[in-house]
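# Tertiary structure, described
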Amino acid sequence: MPAPSMERVVSLCKRRGFIFANSEIYGGFVSTWDYGPLGVELKNNVMRAWWRSVVYEREDMEGLDAAILMNRLVWKYSGHEATFTDPLIDCRNCKTRHRADHLKDRKSTNCGSTDLTEARNFNQMFKTIVGPVESEENIAYLRPETAQGIFVNFLNVLQTTRRKLPFGIAQIGKVFRNEITPGNFTFRTREFEQMEIEYFCKPPKFLQPGEKNDVELHQEWVDQRFAWYVNLGIARERLRKRDQTPEELAHYAKATVDIEYLFPGSLGFSELEGIANRQDYDLSAHSRDVPEEDLVRLKLQKNTDSTTKLEYFDDQYLDPVTGKKGARYIPYVIEPSAGPTRATLAFLCEAYDEELVSEPKEEELKPLREALAAARKNIDKKIAEAEKAAQKGGLKGDAPNPDHLRSINQALEKAEVGLPNSLLNIEDACSLPGADRIELLKKVRQIAGKLCDDYTRVVLRLHPQLAPIKVAVFPLMKKEPRIVEIARQIRRDLQPLMRAVYDDTGAIGRLYRRQDEIGTPFCITVDFETLGEKEPELKNTVTVRDRDSMRQERIAISDLRNFLMEKLK
Ligand code: ATP
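Residues numbered from 1 in each chain as written. Predicted model: local features only at pLDDT ≥ 70, side-chain atom pairs only at ≥ 80, totals over all residues. Heavy atoms only, no water.

### Notes on the pattern of salt bridges
- Counted by the stated rule, this structure contains 59 salt bridges.
- One salt bridge in this structure joins Asp280 and Arg297, with 2.7 Å as the shortest N-O distance. In this pair, Asp280 sits in the loop between strand 13 (268-279) and helix 8 (281-285) while Arg297 sits in helix 9 (residues 292-298), placing the two residues 17 residues apart along the sequence.
- Accessibility expressed as a relative area gives 7% for Asp280, which makes it buried.
- One salt bridge in this structure joins Arg288 and Asp289, with 3.7 Å as the shortest N-O distance.
- Overlapping salt bridges, with partners in common, bring together Asp353, Glu355, Arg457, Arg461, Asp516, Arg545, Arg547 and Asp548 in one network. (Salt bridge = Lys/Arg side-chain N within 4 Å of Asp/Glu carboxyl O. Helix = DSSP H or I, 4+ residues; strand = E, 2+ residues; numbered from the N terminus. Buried < 20%, exposed > 50% of the residue type's maximum accessible area, 1.4 Å probe, protein only.)

Here's what the structure looks like:
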């Protein structure tokens, strides 16, 4: 089961140190987030998993790490200075800003008003000054995508690696966009990483028999990238491929497929990655001496500043007419472009689960049932009062809204009928609009909260490759130095192989819950049996508990490495 709402994920991220609001002690900084101790591990694991999949596990890829600041001419010829803009619209009624392409029927998504300004283009690149003098010629941009660093290094990589087409270059790095409407937690921010690939291939005209064309290679990348998310735990039914419509498609792109994830709440299906077939647009844009007909075809301005032509010498090409061997041309490019911060959010939403671990006895539920009944009766009374007041002369400004009250009562009734499985829904019912004004719900919340602590757990079912911590080691008794020393030694031995932590700050049950909540796949407990005093055959064994099944196995300490490495593979 994925997260029921984004709020649950946000709250977990904050509570457990995945993601914090940036500059929080100064009131925060709009839509900017810091990755805490667990968040940095998770995001790094996402980026590592991507690098492993697209660089190490293929034979046709190289890596690159280009600088964030680049010569301004890069952004002139790439087209970003002129066209990397969003259409901005203001609502005159509620003064909010919108992206024109995000509005439905030209209505403010905030207040519904149609009193909107005309759209005006707003460039999303952040400007900065390089050097001490604030002058026009010292302007530089913080890169809004990593791709251009790859294009301008095309020849460097080609020449130093002696690659033949098709081959690709992968890069991960920070980018900056002055988004008009950031939000939805980390989904849209102004500073984020990108994981981008430029996969260079032959234009159709230069293909040899049996070689794959750009359309087939594009499809292969779409399928490979889709499978990557699935292999790391995203359910197929919450992932989709969407072809960009002709209106969305850039004029030079033959096709673009977006991979979208079904986020909880209002976000719904939203883009994780775009895979574009960009043909020879980008390398031509940065090349000098591009023939006039290609400039017209690609709608490019003539490049008078580049010192070179970004072309490839194909020594295998045989001209069918002249029989001449060899040809020089500008390659086509397929661009899979993903965002690790969005992917991290999707993996968190997907992995989030809450479940009843064991059933409370009926007598333990009784106080909750009574509190629920009392609260519902009280709310019924308030509904009747509110209706009466409405008949007499309308509701006063501060009167409870009867519709809100009815929704709360329905939710409470549903929760009461569904007990004990519905224990986890009570908090949601108590958080509906208007619920904070009902005194009796405080008691419901308190009793339900205690039962949740005792009988339910939050578990992040993250793929082991992504889990921030792979294994946690606990001593059953922290006052027994022999047990503590063995536990610490196990952690030290495992750490070179996987992220391992030691924890003795609570009772074992509580320690398990804490690790479940952050997605640790395995917990190891060192206990009295490990010392082998009563049962010598158990000497030097420990229990290993599995996060998902909660099953425990007794394993010899000497087998731990192999056991865990096998499971984490
Ligand atoms: P959108 O339409 O959502 O603004 P885009 O189509 O402009 O995105 P691209 O330029 O294709 O996005 O960027 C590639 C990837 O970078 C996106 O699929 C997304 O994962 C990530 N990305 C883009 N903008 C943001 C942002 N503001 N915050 C976080 N990630 C982003």
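### With respect to helix 1 (residues 6-16)
- Taken together, the buried positions of helix 1 are Met6, Arg8, Val9, Leu12 and Cys13. For helix 1, the angular spread of the buried residues around the axis is 160°, confining them to a single face.
- Just past helix 1, the residue Gly17 takes up positive phi, approximately 80°. (Arc of directions from axis to C-beta.)

### Overview of the packing of helix 1 against helix 10 (residues 340-351)
- It is the contact of helix 1 with helix 10, at a shortest axis distance of 10 Å, that shows an interaxial angle of 105°. Here helix 10 runs roughly perpendicular to helix 1, going by the angle between their axes. Contact residues: Met6, Val9 and Cys13 in helix 1; Leu345, Leu348 and Cys349 in helix 10.
- Residue composition of the contact of helix 1 with helix 10, by class: six nonpolar, no polar and no charged. (Axes fitted to C-alpha atoms, helices over the stretch in contact; angles between N-to-C directions. Parallel < 35°, antiparallel > 145°, perpendicular 65-115°, else oblique. Contact = heavy atoms within 4.5 Å. Nonpolar A, V, L, I, M, F, W, Y, C, P; charged D, E, K, R; others polar.)

### Notes on the sheet that holds strand 23 (residues 552-556)
- Judged by pairing direction, the sheet is mixed, and its five strands sit side by side in the order 20-19-21-22-23 without closing on themselves. Pairing within the sheet leaves two strands with one partner each, and these edge strands are strand 20 (500-502) and strand 23. The average undirected angle you get between the axes of adjacent strands in this sheet is 25°.
- Where strand 22 (residues 541-546) meets strand 23, five bridges bridge the pair, whose relative direction is antiparallel. Among the inter-strand pairings, Val544 is bridged to a residue of strand 23, identified as Glu553. (Pairing = 2+ DSSP bridges.)

### Quick word on the side chain of Asp314
- By the element assignment, Asp314 lies in strand 14 (residues 312-318).
- Its relative accessible area of 2% is what places Asp314 among the buried residues.
- At a separation of 3.4 Å, a polar atom in the side chain of Asp314 contacts the main-chain amide nitrogen of Tyr317.
- Looking at Asp314, its side chain comes within polar contact range of the side chain of Tyr329, at 2.7 Å.
- With residues near it in sequence (within four places) discarded, Asp314 still touches Lys202, Phe206, Gly326, Ala327 and Tyr329. (Polar contact = N/O pair within 3.5 Å; in protein donor to acceptor, adjacent residues only side chain to side chain.)

### Digging into the pairing of strand 18 (residues 456-460)
- Within strand 18, five of the five residues are buried, which leaves it mostly tucked inside the rest of the structure.
- On strand 18, burial covers both faces: Thr456, Val458 and Leu460 on one face and Arg457 and Val459 on the other are all buried.

### Points about the packing of aromatic side chains
- In the structure shown here, the tally under the stated rule is 18 aromatic pairs.
- On the basis of an interplanar angle of 85° and a centroid distance of 5.0 Å, the ring pair of Trp228 and Tyr229 is categorised as edge-to-face.
- Measuring from centroid to centroid gives 4.9 Å for Tyr261 and Phe263, while their planes differ by 85°, and the two rings are edge-to-face.
- For Phe263, a relative accessible area of 2% translates into the label buried.
- One aromatic cluster is present, built from ring pairs that chain together Phe151, Phe154, Phe167 and Phe200.
- Above the face of the Tyr35 ring, Lys43 is positioned so that its terminal group lies 4.6 Å from the ring centre.
- Between Arg545 and the ring centre of Tyr512, over which it is positioned, the NZ or CZ distance is 4.3 Å. (Phe/Tyr/Trp six-rings, centres within 6.5 Å; stacked < 30°, edge-to-face > 60°. Lys NZ or Arg CZ within 6 Å of the ring centre and 35° of its normal.)

### So, the site of the ligand
- In the neighbourhood of the ligand, 17 residues make up the surrounding shell, with Glu179, Arg188, Thr189, Glu271 and Leu272 lying closest.
- Between the ligand and the protein, one listed contact pairs an oxygen atom with a backbone N or O atom of Gly339 at 3.0 Å.
- At a separation of 3.1 Å, an oxygen atom of the ligand approaches a polar side-chain atom of Arg342.
- A total of 590 Å² of accessible area belongs to the ligand in isolation, and the protein chains cover 82% of it.
- Breaking the shell around the ligand down by element, the ones donating at least two residues are strand 10 (191-201), strand 13, strand 16 (332-338) and helix 10.
- In the shell around the ligand, the residues fall into four nonpolar, six polar and seven charged. (Near = heavy atom within 4 Å. Areas by Shrake-Rupley, 256 points an atom, 1.4 Å probe, with all protein chains shown as cover.)

### A word on the nonpolar core
- Grouped together as the largest cluster of nonpolar side chains are 65 residues, with contacts concentrated most on Phe18, Trp228, Tyr229, Leu239, Phe263 and Phe347.
- Examining the composition of this core, we find that eight residues originate from one element, helix 2 (residues 37-56), more than from any other.
- Beyond its immediate sequence surroundings of up to four residues, Trp228 is in contact with Val46, Ala49, Trp50, Ser53, Met195 and Phe347.
- Ranked by size, the runner-up nonpolar core spans 30 residues in total, among them Leu158, Phe167, Tyr281 and Leu300. (Core = buried A, V, L, I, M, F, W, Y, C linked by side-chain atoms within 4.5 Å.)

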